[in-house]
Amino acid sequence: MKNVYLIYLSFLLFAFKGYSQGSDVIFWLDNSGSVSNSEYAEMSTSIKAVMQKVIDCNPNNRISIVQYGATGAAATSKIWIETPFTNIIPVFTRRNPVGGGSFAHEALDLIGNALDGIANPNIISPITTLNRTPGNSLVIYLFTDTYRSLGSSYIVNA
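Keep in mind it's a predicted model, so treat the numbers as computed, not measured.

A word on the overall build of the protein. Across its full length, the protein carries 3 helices and 4 strands. Along its sequence from the N terminus, the protein presents helices and strands in the succession α-β-α-β-β-α-β. Classification of the 158 residues of the protein by burial places 39% in the buried group. The long-range share in the protein, meaning contacts at least 24 apart out of those at least 6 apart in sequence, stands at 74%.

Following this line, the structure appears as structure tokens:
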């Protein structure tokens, strides 16, 4: 009977080991006109350091970089997906600043479209979808220069 319990315990341990998952992590980067080149460089340095930690933490973690901004008189939010989810640290550069607005909540909707595989003309990169690993959690890190305070925030609705 003791062996049956040991076999059962081993089965449970191996079953849980088989479900060892990671996270799909989106680095969501403000690329609006309000972000200066020096601010962008500082954000890039921080992002690269965090990406390295995310990958080192768990080999099942995958990362993607999404830049956002707004264009036009109607301030239409746009996103540029730099990379699909990958476990290799990507090289990325600043895209031309996409206008002066920081419409994070609209950009988040566009990221949702990319995750759901919904075509949207405001996803302006060649990569238009983000395919997640089933069972992985989704984590989003937002890097922006926009302030947030109750009642007077550009990102309060995000």
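The α-helix winds at 3.6 residues per turn, so residues separated by three or four positions along the chain end up facing the same way. Given a rise of 1.5 Å per residue, 21 residues ought to cover 30 Å, and the 30 Å separating the end C-alpha atoms of helix H2 (residues 37-57) matches this to within 8%. By the burial criterion, the buried members of H2 are Tyr40, Met43, Ser44, Ile47, Met51, Val54 and Ile55. Buried residues in H2, looked at end-on, bunch into an arc of 105°, giving them a common side. Across H2 from its buried face, at more than 90 degrees, point the exposed residues Glu42, Thr45, Lys53, Asp56 and Cys57.

For the structure on display, the rule yields 3 salt bridges. Across the pair Arg132 and Asp24 runs a salt bridge whose closest N-O atoms are separated by 3.7 Å. One end of the pair, Arg132, is in the loop between helix H3 (104-116) and strand S4 (137-143); the other, Asp24, is in strand S1 (residues 23-30), and 108 residues separate them in sequence. Classification of Arg132 by relative accessible area gives partly exposed; the value is 35%.

Attention now moves to H3. Over its 13 residues, H3 extends 18 Å from the first C-alpha to the last, a length consistent with the 18 Å expected when each residue adds 1.5 Å. Residues Ala104, Ala107, Leu110, Ile111, Asn113 and Ala114 constitute the buried set of H3. Buried residues of H3 fall within an arc of 165° about the axis and therefore sit on the same side. Among the exposed residues of H3, those pointing more than 90 degrees away from its buried face are Asp109 and Asp116. Just past H3, the residue Gly117 takes up positive phi, approximately 75°.

Burial within S1 is extensive, with 8 of its 8 residues counted as buried. Where burial is concerned, the two faces of S1 agree: the one with Ser23, Val25, Phe27 and Leu29 and the one with Asp24, Ile26, Trp28 and Asp30 are both buried. Where S1 lies against S4, 7 bridges are found, and the strand directions are parallel. Within S4, the residue paired with Val25 across the bridge is Val139.

By the secondary structure assignment, Thr86 is in the loop between strand S3 (76-81) and H3. Residue classification places Thr86 among the buried positions, given a relative accessible area of 18%. At 3.2 Å, the side chain of Thr86 forms a polar contact with the backbone nitrogen of Ile88. When residues no more than four places from it in sequence are discounted, the contact partners of Thr86 are Ile55, Asn61, Arg62 and Ile63.

The rules behind these values
Residues numbered from 1 in each chain as written. Predicted model: local features only at pLDDT ≥ 70, side-chain atom pairs only at ≥ 80, totals over all residues. Heavy atoms only, no water. Helix = DSSP H or I, 4+ residues; strand = E, 2+ residues; numbered from the N terminus. Buried < 20%, exposed > 50% of the residue type's maximum accessible area, 1.4 Å probe, protein only. Contact = heavy atoms within 4.5 Å. Expected span 1.5 Å × (residues − 1). Arc of directions from axis to C-beta. Salt bridge = Lys/Arg side-chain N within 4 Å of Asp/Glu carboxyl O. Pairing = 2+ DSSP bridges. Polar contact = N/O pair within 3.5 Å; in protein donor to acceptor, adjacent residues only side chain to side chain.

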